Structures are given as C-alpha cells and as structure tokens.
Amino acid sequence: MFRRSKKIREMTKKLETFEPYETNENGDRLIKLHVNDVDYFLSPLSMDGVPCISDETAFLLNYYMKNMSVDSDEKIIFEITGHNLSLAEQDLYRKAIKNYYREEFIDVQEDLKRNRRNMIFMLISGAFFILLRIFLPLTIGWRTDFLEPINIVAWVFLWEAVELQIFKRPELKEIQIRNLKILEADIEFKEKVRPEDII
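Residues numbered from 1 in each chain as written. Predicted model: local features only at pLDDT ≥ 70, side-chain atom pairs only at ≥ 80, totals over all residues. Heavy atoms only, no water.

Draft legend 1. Highlighting the overall build of the protein chain. For the protein chain, the helix and strand inventory stands at six helices and four strands. Mapped in sequence order, the helices and strands of the protein chain form the string α-β-β-α-α-β-α-α-β-α. Burial status across the protein chain gives 31% buried among its 199 residues. Considering only contacts within the protein chain whose residues lie at least 6 apart along the sequence, 80% involve residues at least 24 apart. (Helix = DSSP H or I, 4+ residues; strand = E, 2+ residues; numbered from the N terminus. Buried < 20%, exposed > 50% of the residue type's maximum accessible area, 1.4 Å probe, protein only. Contact = heavy atoms within 4.5 Å.)

What follows is the structure, given as structure tokens:
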C-alpha cells in the first residue's frame with residue numbers, strides 16, 4: 001500500500017514537469033494532428049455551407065487543450081498533416097474547426113450570462129430571507145424556533161450564490177479562454193504520409 005502511494009507521488013512529480021507540447025522558434029505552442037481518415041474529421045451532419053468538425057475531432061482538440069495553461073498569452077498553432085489534402089479540403093477543415101469553436105464560444109458566453117443572473121438571484125433571495133429573519137420577530141413577534149427554517153433557507157441561497165461566483169464561474173471562464181485561443185489559432189497543413197494512410 002505504501003509502495004503504491006510512493007509510486008503515485010513519484011509519478012505525479014514526474015508528470016508535473018512533463019510538457020506535452022512542442023514550441024516553434026517564436027515560442028508558440030504547436031499542436032500536431034494527423035488526419036488518418038478524412039471521413040472522421042468532419043461531422044457527418046452540418047448546416048448547409050457551415051462545415052463542422054466531428055465530435056471525435058473536437059474531443060481530441062479539447063483533450064490537448066485541457067492541460068494547457070490559460071494564463072499565458074502564447075499563440076497556438078495547429079499543424080495538421082495528412083495525405084493528399086487539397087487546398088479546398090484544407091480550407092474546409094480550417095472553417096470546420098473555427099465554426100465548431102464559434103458555437104462553443106457562444107454557448108459558454110450564454111452559460112456565463114446565466115451564471116451571473118442566477119448568482120444575482122440567489123444573492124438577492126438570500127438577503128431577502130435574512131432581512132425576513134431579522135424583521136419578523138420585531139413586527140410579529142415570532143418565536144425563534146419558527147425562524148430557524150428561514151435562517152437555513154437564507155444561508156442555502158447565499159451559499160449557492162458563492163458557489164456560482166467562486167467555483168463555477170472561473171471554470172466557465174477557463175473554458176472560454178481556451179475557446180478563444182482556438183479561434184485565434186493559426187491552422188497550418190502539411191503533407192505527410194504514414195503507413196496507415198496507404199493501406
């Protein structure tokens with residue numbers, strides 16, 4: 001048991017310094033993708049004239065982005081390699097990536113607005129119940145044991161407001177910064193043949 005814990009600590013230390021991304025001469029992050037099968041890169045369904053990447057492609061991009069620091073201002077460059085990718089296909093793939101992350105950006109922006117509205121509602125509700133708890137004994141003369149449920153409700157609302165602002169909102173902002181980084185990223189294409197491409 002102790003040996004496993006020690007191995008976990010050692011692996012954690014090793015992985016904390018592990019940097020899975022290459023950088024170019026300008027210090028920009030390179031994220032390299034290879035298109036093995038063009039049928040899986042794009043979503044089989046999309047709006048007419050608005051290509052979109054598949055869920056598998058988006059999952060892969062998000063996977064590589066999730067451990068990347070969002071604090072730095074470094075630029076991201078996607079280097080996509082494949083076999084016989086025409087200029088039209090390259091343009092299509094570039095648009096598909098941007099379209100997917102535009103939609104993601106809009107969705108997260110809506111979540112941020114909803115988060116703010118809910119936080120304000122919870123804060124006002126909590127303040128209302130605290131005021132109710134303070135003024136009910138003064139006006140009606142309620143006993144304190146009847147006021148305890150009002151006190152609990154007030155603190156539940158206030159805690160929910162704190163949770164939305166302090167815990168949920170930073171997560172959404174982090175996702176939004178990643179979406180923005182992808183939208184601002186350069187997408188380059190290179191010819192590269194792998195054995196699996198010929199089969």
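Draft legend 2. Region of interest: the sheet that holds strand S2 (residues 29-34). Across the sheet, four strands lie side by side as S1-S2-S3-S4; this open sheet has mixed pairing. With partners counted over all chains shown, the strands left at the sheet margins are strand S1 (22-23) and strand S4 (186-191), one partner each. Pairing of S1 with S2 involves two bridges; the strand directions are antiparallel. Its bridge partner being in S2, Glu22 is matched across the sheet by Leu30. In the packing of helix H3 (residues 55-66) onto the sheet, the strands contacted are S2 and strand S3 (76-82), and the crossing angle to S2 comes to about 155°. Where helix H4 (residues 87-139) meets the sheet, it contacts S3 and S4, and its direction lies at approximately 145° from that of S4. (Pairing = 2+ DSSP bridges. Axes fitted to C-alpha atoms, helices over the stretch in contact; angles between N-to-C directions.)

Draft legend 3. Summary view of the pairing of S3. Most of S3 is tucked away, with seven of its seven residues classed as buried. Along S3, one buried face is formed by Ile76, Phe78, Ile80 and Gly82 and the opposite face, lined by Ile77, Glu79 and Thr81, is buried too. With six bridges connecting them, S2 and S3 associate as parallel partners. The partner of Leu33 across the bridge, within S3, is Ile80. Where S3 lies against S4, six bridges are found, and the strand directions are parallel. Looking at the pairing, Gly82 lines up with Glu191 of S4.

Draft legend 4. Spotlight on the nonpolar core. Among the nonpolar cores identified, the biggest contains 22 residues, and Phe41, Ile53, Leu61, Phe78, Ile80, Ile97 and Tyr101 are the most heavily contacted of them. Of all elements in the fold, only S2, H3, S3, H4 and S4 reach the threshold of two or more residues within this core. (Core = buried A, V, L, I, M, F, W, Y, C linked by side-chain atoms within 4.5 Å.)

Draft legend 5. Representation of a nonpolar patch on the surface within the structure. On the surface, a nonpolar cluster with roughly 420 Å² of combined accessible area is contributed by Phe59, Leu60, Tyr63 and Tyr64. Counting through the fold element by element, Leu60 comes out in helix H3. Looking at Leu60, the relative accessible area reads 36%, which means it is partly exposed. (Patch = residues over 30% accessible without salt bridge, like charges linked within 9 Å, V, L, I, M, F, W, Y side chains within 5 Å. Areas by Shrake-Rupley, 256 points an atom, 1.4 Å probe, with all protein chains shown as cover. Salt bridge = Lys/Arg side-chain N within 4 Å of Asp/Glu carboxyl O.)

Draft legend 6. A look at the side chain of Asn115. Structurally, Asn115 can be placed in helix H4. Of the polar contacts made by the side chain of Asn115, one reaches the side chain of Arg169; its length is 3.1 Å. Setting aside residues up to four positions removed in sequence, Asn115 forms contacts with Leu164, Lys168, Arg169 and Leu172. (Polar contact = N/O pair within 3.5 Å; in protein donor to acceptor, adjacent residues only side chain to side chain.)

Draft legend 7. Here's a closer look at the packing of aromatic side chains. Considering all chains together, one arrives at eight aromatic pairs under this definition. Their ring planes at 70° and their centres at 5.0 Å tell us that Tyr100 and Tyr101 sit as a pair that is edge-to-face. Each of the two residues, Tyr100 as well as Tyr101, counts as buried. The rings of Phe121, Phe128, Phe129 and Phe157 are connected pair by pair, giving a single aromatic cluster. (Phe/Tyr/Trp six-rings, centres within 6.5 Å; stacked < 30°, edge-to-face > 60°.)

Draft legend 8. Main features of H3. Taking 1.5 Å of rise per residue, the 12 residues of H3 would be expected to cover 16 Å, and the 16 Å separating its terminal C-alpha atoms lies within 8% of that figure. Listing the buried residues of H3 in full gives Thr57, Ala58, Leu61 and Met65. All buried residues of H3 lie within an arc of 95° about the axis, which places them on one face of the element. The outward face of H3, more than 90 degrees from its buried face, is lined by the exposed residues Asp55, Glu56 and Phe59. (Expected span 1.5 Å × (residues − 1). Arc of directions from axis to C-beta.)

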